[in-house]
Amino acid sequence: MKKTTLYLDTILEFLGDSVINVIGDREGVFIDNLADVANTNETTLDWINPAKANEQQIAENSKAKVLLVDSSIEPIDSKTLIVVVNPKVALAKIGNEFFVTKYEAGIHPTAVVSDGAKIGKNVFIGPYCVIGDCIIGDNTIITSNVRLYNGVEIGSHCFIKEGAVIGGVGFGFEIDDNGNRFRFPQIGSVIIGDYVEIGANTCIDRGALSDTRIDDYAKIDNLCHIAHNAHIGRNAMIIACSEISGSCTIGENAWVGPNTSIRDWRNVGDNSLTGVGSVVVKDVPSNEVWAGNPAKPFKNR
Amino acid sequence: MKKTTLYLDTILEFLGDSVINVIGDREGVFIDNLADVANTNETTLDWINPAKANEQQIAENSKAKVLLVDSSIEPIDSKTLIVVVNPKVALAKIGNEFFVTKYEAGIHPTAVVSDGAKIGKNVFIGPYCVIGDCIIGDNTIITSNVRLYNGVEIGSHCFIKEGAVIGGVGFGFEIDDNGNRFRFPQIGSVIIGDYVEIGANTCIDRGALSDTRIDDYAKIDNLCHIAHNAHIGRNAMIIACSEISGSCTIGENAWVGPNTSIRDWRNVGDNSLTGVGSVVVKDVPSNEVWAGNPAKPFKNR
Amino acid sequence: MKKTTLYLDTILEFLGDSVINVIGDREGVFIDNLADVANTNETTLDWINPAKANEQQIAENSKAKVLLVDSSIEPIDSKTLIVVVNPKVALAKIGNEFFVTKYEAGIHPTAVVSDGAKIGKNVFIGPYCVIGDCIIGDNTIITSNVRLYNGVEIGSHCFIKEGAVIGGVGFGFEIDDNGNRFRFPQIGSVIIGDYVEIGANTCIDRGALSDTRIDDYAKIDNLCHIAHNAHIGRNAMIIACSEISGSCTIGENAWVGPNTSIRDWRNVGDNSLTGVGSVVVKDVPSNEVWAGNPAKPFKNR
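Within each chain, residue numbers correspond to sequence positions counted from 1 in written order. By the order in which they are written, chains take letters starting at A while ligands take numbers starting at 1. Only residues with pLDDT of 70 or above have their local features reported here, since the model is predicted, and side-chain atom pairs are shown and tallied only from 80 upward, although totals for entire chains, interfaces and linings are computed over all residues. Side-chain metrics in this entry use all non-hydrogen atoms of the structure; hydrogen atoms and water are not considered.

### Some points on the nonpolar core
Then comes step 1: Note on terminology: a nonpolar core comprises buried Ala, Val, Leu, Ile, Met, Phe, Trp, Tyr and Cys residues joined through side-chain atoms within 4.5 Å. To sort residues, take the accessible area from a 1.4 Å probe on protein chains only and compare it with the maximum for the residue type: under 20% means buried, over 50% means exposed, and anything in between is partly exposed. Ile166, Ile244 and Ile250 of chain A together with Ile166, Ile244 and Ile250 of chain C are the most contacted members of the largest nonpolar core, which totals 104 residues.
Then comes step 2: Strands here are runs of E lasting at least two residues and helices are runs of H or I lasting at least four, both read from the DSSP assignment and numbered beginning at the N terminus. Elements with a minimum of two residues in this core: β17 (165–168), β20 (190–192) and β22 (203–205) of chain A together with β17 (165–168), β20 (190–192) and β22 (203–205) of chain C.
Then comes step 3: Residue contacts for Ile166 of chain C: discarding those within four places in its chain leaves Arg147, Leu148, Tyr149, Val152, Ile154, Ile160, Val190, Ile192, Ile198 and Ile204 of chain C.
Then comes step 4: Counting residues in hydrophobic clusters, the runner-up holds 43 residues, among them Val123, Val152, Ala164 and Ala236 of chain B. When checking whether two residues touch, look at their non-hydrogen atoms; a contact exists if any pair is within 4.5 Å.

Structural data, given as structure tokens:
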């Protein structure tokens, strides 16, 4: 956590119109850390979860003097309440702006970048990356030890974590006259939208005859495998260790739980969720929750 | 995809004896791309799947002018049909020969290669690899960020993808007098045959007192773990995210589905298949299909 | 395996008080290898497993002349028996001391190490590591291509394998006013104790508002994901490809089987075991064995 002291005025200015009200002292009020409940102190910026039944009591018991709250909280002696619609979102924005160290754009001298790569403005490429003839959009961060193959396209504001491998040949084979396997050509590419995250050591294979696609705002966690010709929809979440087989489609806003595996050519519909460890062998329709091996519509277990 | 224009004569010469017949125009006929059905155009080399019931209709509807077909297809106006036994295999061979950019042999200056390594002819070793005292056969490709430990032997024509770790110490521990774990020595090695593929970020641990073995033509996908003393048979396929525990044997031509996990000392027989997400805790006999958690002989679910 | 010839006197001196008795010849007796049963020869140091019913017969049939045995074995003609309480532990200690090549301390010139890193004595840091402002204890080995982020603390005598990523931002997101995901700040760290092992390509994310913690002697295998704010207890074993979600606690001496996945906020109690492929969605109490999807108390399947 970056060391910062934030006075109330700075916080209010940053939050702007999203502040509904401020209750309590303003003069000289400051915070200097974010913390979970076990580590909260007088100068933590705390937030109170509106979903909790005993929200008012939690707020009163907080050791912090400055709280982000929703409008259902009553005034509390000697605390400053910043009233917003969504306290956690407000906390997240403050944390990202003031407590997170930002990447400084630049290409590390050890990165091996092809002359044919087209790299946007304000891009960070870290040590020991190997970058082929790719297109990389503005403000994208590529951490370290990342491998991007020729033809890969990555949008703007993306975040690619360590050891990710994007655009490797897909796992498709034919059998030759001697009964041995040989690769079916994998000459599609990988096309990634804006604001996408690719987790550490995650692998995204290039398509066979057409492209593997990851749409805007999709977030893929560490150690996932996205096979050739898969298509991950906008705002979809693919949680750690998941295996998305060839030609699968994951819908918009879908949530693929940790260590899910999905048979090739199967789909998960928009807004659907697969529970941890799901093994998807049939299409999951939109707006449903499935779990199990094989995955089925979820009822309380 | 590499840019290439291929005239019919070149294709026929390359395919040689495997061409049964050519139906339609030959003069000036060329193709310049491979594509899936959505992206096929006039100059695509298309192929027609003999397994489809409406094969003739698919062929007639193709936008392409040159089609690889089997001998059941009737002549089609203004199309050139190249008749072969297996259209997809023919397409794959043409793609690999003419549309895939080949690796140029050589050792990247950033690769850290031990003086004791014995490296064959026409080998590619890419950036940021760390290669111990290994034996590497002719025509093998080792992409980037790969780690090969002392004692590892790799055959010829192998393909080792990014971030693979081969020959790391196995995960075997004893308990000392204070009740704490310490490692059992892992002094075997990893012996890999010819035409083997090891996927990106896949880990193959060295054996404890004898070797871990991967036989000729075995294909291991991304993000797999092959534990100490496992033995992967010839032409076996291990699909992404699978976990093969210590001392397991996978038979010849077996197909281990995505995200399968196999308990230590268990075996999958020759020609057997485990479905996606299988959890194998009993031996799978040869020539069977198993699936589920725990895996059992597969019947329609 | 390092080449070594070990005379009986050296072995006995090394084992010290743990030797209960020596039966048979001592003069000129030596061993020069460790091996499994298929590869045992006259000069192998063999060990006899006291758990086997036919222990005496196995000992008599061994091709080796020097055996580590427990006190239940009778003298055998022309063999030298070294009697100890735990033959396998004795073998492991001899193997580690005499047959395993040790790392020589030092920082490889290609490692990118931040000026702010505090590195203990006798530490090995291998090629292409990227080390932020971390604290690394004495005698710790960091192999190659490892990424340690700012703030990560690693104790002494740890072993961090290739491609491990420690301290990357956790996978926590909020939804902004436009319905798109953005990261919740991840400003905790990762605190790792002494004698801990982290497997190849394993990822351990930093905590959100507090730390992810791995306690002394915990052993984590290859390709595991440990999410933000998880806590792995002392001497716990996390086997390959396991996925430990956010804020999970794994108890002391717990054994998390291969490819287990655990829902966030769930716990595995002290000394408990989850079978291969377990999907843990409820807390596993201490001293129990669970398996299945969803995991339940284990009975014979």
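Read on for the rest.
### Overview of the interface of chain B and chain C
Then comes step 1: At the junction of the two partners, chain B supplies 48 residues and chain C supplies 48 residues.
Then comes step 2: Accessible surface is computed with a 1.4 Å probe, and the buried area is the amount of it that two parts give up when combined, taken over both parts together. Summing the contributions of chain B and of chain C, the shared interface buries around 3,800 Å²; its carbon and sulfur component is 58%.
Then comes step 3: When the buried area of chain B at its contact with chain C is split by residue, Phe171, Arg181 and Ile187 of chain B rank highest and sum to 20% of it.
Then comes step 4: Any carboxyl oxygen of Asp or Glu that lies within 4 Å of a side-chain nitrogen of Lys or Arg is treated as forming a salt bridge with it. On inspection of chain B and its partner chain C, the count reaches three salt bridges.
Then comes step 5: Between Asp205 of chain B and Lys161 of chain C there is a salt bridge whose closest N-O contact spans 3.7 Å.
Then comes step 6: Think of a polar contact as two N or O atoms within 3.5 Å of one another; within protein, one of them needs to be a possible hydrogen donor and the other a possible acceptor, and neighboring residues in sequence only count if both atoms come from side chains. Linking chain B with chain C are 22 residue pairs in polar contact (both at pLDDT 80 or more).

### Let's talk about the sheet that holds strand β7 (residues 106–107) of chain C
All names here are of chain C.
Then comes step 1: Strand order in the open sheet made by the eleven strands is β7-β10-β13-β16-β21-β24-β27-β30-β33-β35-β36, with mixed pairing throughout. With partners counted over all chains shown, the strands left at the sheet margins are β7 and β36 (296–297), one partner each.
Then comes step 2: In this structure, strand β24 (residues 219–220) lies alongside strand β27 (residues 237–238), joined through two bridges in parallel fashion. Note that in β27 the partner of Ile220 across the bridge is Ile238. Here, any two strands with at least 2 DSSP bridges between them count as paired.

### Considering the pattern of salt bridges
All names here are of chain A.
Then comes step 1: Per the stated rule, a full pass over the model turns up 15 salt bridges over all chains.
Then comes step 2: The salt bridge involving Arg234 is made with Asp216; its shortest N-O contact spans 3.7 Å. With a gap of 18 residues between them, Arg234 in the loop between β26 (231–232) and β27 (237–238) and Asp216 in the loop between β23 (212–214) and β24 (219–220) connect regions that are remote in the sequence.

### Brief notes about the pairing of β17 of chain A
Then comes step 1: Direction of pairing for strand β14 (residues 147–148) of chain A relative to β17 of chain A: parallel, over a ladder of two bridges. In the sheet register, Arg147 of chain A faces β17 of chain A, and the bridge partner there is Val165 of chain A.

### Re the interface of chain A and chain C
Then comes step 1: Taken residue by residue, the interface counts 48 residues in chain A and 48 residues in chain C.
Then comes step 2: Across the chain A/chain C interface, buried area totals approximately 3,800 Å², and carbon plus sulfur atoms make up 58% of it.
Then comes step 3: On the surface where chain A and chain C come into contact, there are three salt bridges.
Then comes step 4: Taking the shortest distance from any N to any O, the salt bridge between Glu197 of chain A and Arg183 of chain C comes out at 2.1 Å.
Then comes step 5: The tally of links between chain A and chain C comes to 21 residue pairs in polar contact (both at pLDDT 80 or more).

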